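# Summary of structural features
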Amino acid sequence: GAGVSQSPSNKVTEKGKDVELRCDPISGHTALYWYRQSLGQGLEFLIYFQGNSAPDKSGLPSDRFSAERTGGSVSTLTIQRTQQEDSAVYLCASSSVQGSGTEAFFGQGTRLTVV
Amino acid sequence: DQQVKQNSPSLSVQEGRISILNCDYTNSMFDYFLWYKKYPAEGPTFLISISSIKDKNEDGRFTVFLNKSAKHLSLHIVPSQPGDSAVYFCAAKDDKIIFGKGTRLHILP
């Protein structure tokens with residue numbers, strides 16, 4: 001597709017369940033980012049993939065959060081044993097080249113609600 | 001610690017006047033700075049950027065100024081229009097991109 005695609009657009013889950021959020025980046029983009037935006041908050045960095053390098057996981061808030069990027073394309077963010085504080089909009093972005101000088105393009109986000 | 005700070009949560013500006021959004025950063029390794037605009041229920045969209053080797057970049061009604069010694073950048077929008085009402089995020093990049101908390105801009109008729 002032309003842009004970054006995220007699915008589902010909305011997800012309601014019960015506390016304690018696991019969820020998987022999917023991101024399809026722009027074709028050919030080597031860098032992929034996950035952020036989350038909690039109500040009234042800014043964009044919190046979660047994880048960054050760049051090519052075949054080891055991902056930068058420094059923003060993941062707990063070991064319940066993990067992400068994979070298969071074949072350098074699609075990425076899945078998994079949250080295990082969800083908690084109410086995990087409720088947020090999860091945003092994925094991709095960019096074309098490593099290093100400075102290239103903006104990232106965002107998807108529409110997945111709104112996660114943990115009840 | 002917040003590496004990118006937007007200290008004004010909101011700003012109201014009269015239509016036609018200049019909007020100035022400010023941003024401070026702490027990491028001197030940042031070498032590229034970006035501004036994004038976000039409407040409700042949409043992902044952020046890229047507006048304008050500036051490399052650390054420059055002090056100004058202009059694109060139509062939008063100009064970004066960078067003061068490296070003060071670790072400060074600002075986005076100027078002139079003239080402000082109703083469609084500019086949105087949340088504006090400042091971001092900085094060394095490897096990954098780090099965002100500020102955003103400033104909500106209201107353009108008043």
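Everything that follows concerns the structure shown earlier in this document.
Description of the structure in this document. (Residues numbered from 1 in each chain as written. Chains lettered and ligands numbered in written order. Predicted model: local features only at pLDDT ≥ 70, side-chain atom pairs only at ≥ 80, totals over all residues. Heavy atoms only, no water.)

### Some words on the sheet that holds strand 6 (residues 65-69) of chain A
Residues and elements named next belong to chain A. Here we have four strands laid out as an open sheet, ordered 1-3-7-6, and antiparallel in their pairing. Both edges of this open sheet fall to strand 1 (5-7) and strand 6, since each of them pairs with a single strand only. Ignoring which end each strand starts from, the neighbouring axes of this sheet average 15° apart. Across five bridges, strand 3 (residues 19-24) lies against strand 7 (residues 75-79) in antiparallel orientation. Within strand 7, the position partnered with Cys23 by the bridge is Ser75. (Pairing = 2+ DSSP bridges. Helix = DSSP H or I, 4+ residues; strand = E, 2+ residues; numbered from the N terminus. Axes fitted to C-alpha atoms, helices over the stretch in contact; angles between N-to-C directions.)

### Some points on the environment of A:Pro61
Residue and element names in this part refer to chain A. With respect to the helices and strands, Pro61 occurs in the loop between strand 5 (44-50) and strand 6. Here the alpha-carbon distance between Pro61 and Ala93, two residues 32 residues apart in the chain, equals 19 Å. If we ignore the near neighbours within four places in the chain, the residues touching Pro61 are Arg36 and Leu46. (Contact = heavy atoms within 4.5 Å.)

### Structural notes on the state of the cysteines
Under the counting rule described, the total for this entry stands at two disulfides over all chains. Between the sulfur atoms of A:Cys23 and its disulfide partner A:Cys92 the distance amounts to 1.9 Å. An S-S torsion of about -65° defines the bridge between A:Cys23 and A:Cys92 as left-handed. Here A:Cys92 lies in strand 8 (residues 88-95) and A:Cys23 lies in strand 3, a separation of 69 residues in the sequence. Paired by a disulfide, B:Cys23 and B:Cys90 hold their sulfur atoms 2.0 Å apart. Measuring the twist about the S-S bond at about -75°, one finds the B:Cys23-B:Cys90 disulfide to be left-handed. With a gap of 67 residues between them, B:Cys23 in strand 3 (residues 19-25) and B:Cys90 in strand 9 (residues 86-93) connect regions that are remote in the sequence. Both residues of the pair, B:Cys23 and B:Cys90, belong to the buried class. (Disulfide = S-S within 2.5 Å. Buried < 20%, exposed > 50% of the residue type's maximum accessible area, 1.4 Å probe, protein only.)

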